Every structure is written in structure tokens, then in C-alpha cells.
Amino acid sequence: MTVSLADLDDALAKDKLTGKDLAEIFLEEMLADPMVRLVMEADGVSEMQLRHLYAGGRASQADKETWDADTTGTSPQENSQIQAAENEGMPTQRE
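Residues numbered from 1 in each chain as written. Predicted model: local features only at pLDDT ≥ 70, side-chain atom pairs only at ≥ 80, totals over all residues. Heavy atoms only, no water.

Visitor: Break down helix H2 (residues 22-31) for me, with residues and values.
Guide: Taken as a whole, H2 has its buried residues at Leu27, Met30 and Leu31. One side of H2 carries all its buried residues, which in axial view fall inside an arc of 90°. In H2, those exposed residues whose orientation departs by more than 90 degrees from the buried face are Leu22 and Glu29. Buried residues belonging to H2 abut helix H3 (34-43) and helix H4 (47-54). (Buried < 20%, exposed > 50% of the residue type's maximum accessible area, 1.4 Å probe, protein only. Helix = DSSP H or I, 4+ residues; strand = E, 2+ residues; numbered from the N terminus. Arc of directions from axis to C-beta. Contact = heavy atoms within 4.5 Å.)

Okay, structure coming up:
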């Protein structure tokens, strides 16, 4: 991919004006996409989990508690069904 120097300077100026990190801007645009929201819902991923991932582990304690509450909503049986579906067609390990 080639970007002109003028376009790069323009993008950098916009980044400085917003005061937001580039990853934060990308995350906001991604979360605004309805297709991304559908995939998140299908995969059982919450907005809080993505924000935690993009924060690089710098989430506050309240965010961590909310994230933990989001992940405890699935039962062990549901988790095993999800794992079985994810591993479908994969070779099994010999014991």
C-alpha cells in the first residue's frame, strides 16, 4: 500500500486534533460497523471485552469486574459445545 506524504501528514494532523490514539479511533469505527456487531454477537464477544483487548490490559478494576461478569454467563456445557464446534474437523491428539 502506498500513501502520499500529503495524505499521511493530513492523517497525522487529524490524529493530533482528536487527541485519541489511533487504536482507539480504529476501535470506535469498528464498533460502529453493524457487520462487526453481528459477528461479535455470534461469537459471544462483548464491547467491554474488545475495549479491554485494545486497551492492552490497562482497564480499570471496574472494567475488569464487568468483563468477568460478561464471561461467566456461559455454562460449562455450553463452553464444551462451543469448543467441539470450533475443533470440528481437527485431528485428535493421541494419549
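Visitor: Can you lay out a nonpolar patch on the surface for me, pointing to particular residues and giving the numbers?
Guide: Among the surface-exposed residues, Met1, Val3, Leu5, Leu8 and Leu12 lie close enough to one another that they form a single nonpolar patch of about 590 Å² accessible area. For Leu8, the location among the structural elements is in helix H1 (residues 5-18). Residue classification places Leu8 among the partly exposed positions, given a relative accessible area of 41%. (Patch = residues over 30% accessible without salt bridge, like charges linked within 9 Å, V, L, I, M, F, W, Y side chains within 5 Å. Areas by Shrake-Rupley, 256 points an atom, 1.4 Å probe, with all protein chains shown as cover. Salt bridge = Lys/Arg side-chain N within 4 Å of Asp/Glu carboxyl O.)

Visitor: For the pattern of salt bridges, give the residues involved together with the corresponding values.
Guide: In this structure the tally under the stated criterion is three salt bridges. Across the pair Glu28 and Arg51 runs a salt bridge whose closest N-O atoms are separated by 2.8 Å. A residue pair is termed long-range when its members are at least 10 positions apart, and Glu28 in helix H2 and Arg51 in helix H4 qualify at 23 residues. In this structure, Arg37 and Glu47 form a salt bridge, with 3.0 Å as the shortest nitrogen-oxygen distance. With a gap of ten residues between them, Arg37 in helix H3 and Glu47 in helix H4 connect regions that are remote in the sequence. Residue Arg37 is classed as partly exposed on the basis of its relative accessible area, which comes to 34%. The network of salt bridges with common partners includes Glu28, Arg37, Glu47 and Arg51.

Visitor: Outline the confidence of the model for the protein, listing residues and values.
Guide: Model confidence for the protein is summarised by a mean pLDDT of 76, while 72% of its residues fall at 70 or above. For the protein, the element scoring lowest by mean pLDDT is helix H5 (residues 61-71), at 54; H3 scores highest, at 94. (pLDDT = per-residue confidence, 0-100.)

Visitor: Describe H3, with residues and values.
Guide: For H3, the buried fraction is low: one of the ten residues fall into the buried class. The backbone nitrogen of Met35 has a side-chain oxygen 2.9 Å away, supplied by the residue at the start of H3, namely Asp33. One or two steps after H3, the chain reaches Gly44, where phi turns positive at roughly 75°. (Polar contact = N/O pair within 3.5 Å; in protein donor to acceptor, adjacent residues only side chain to side chain.)

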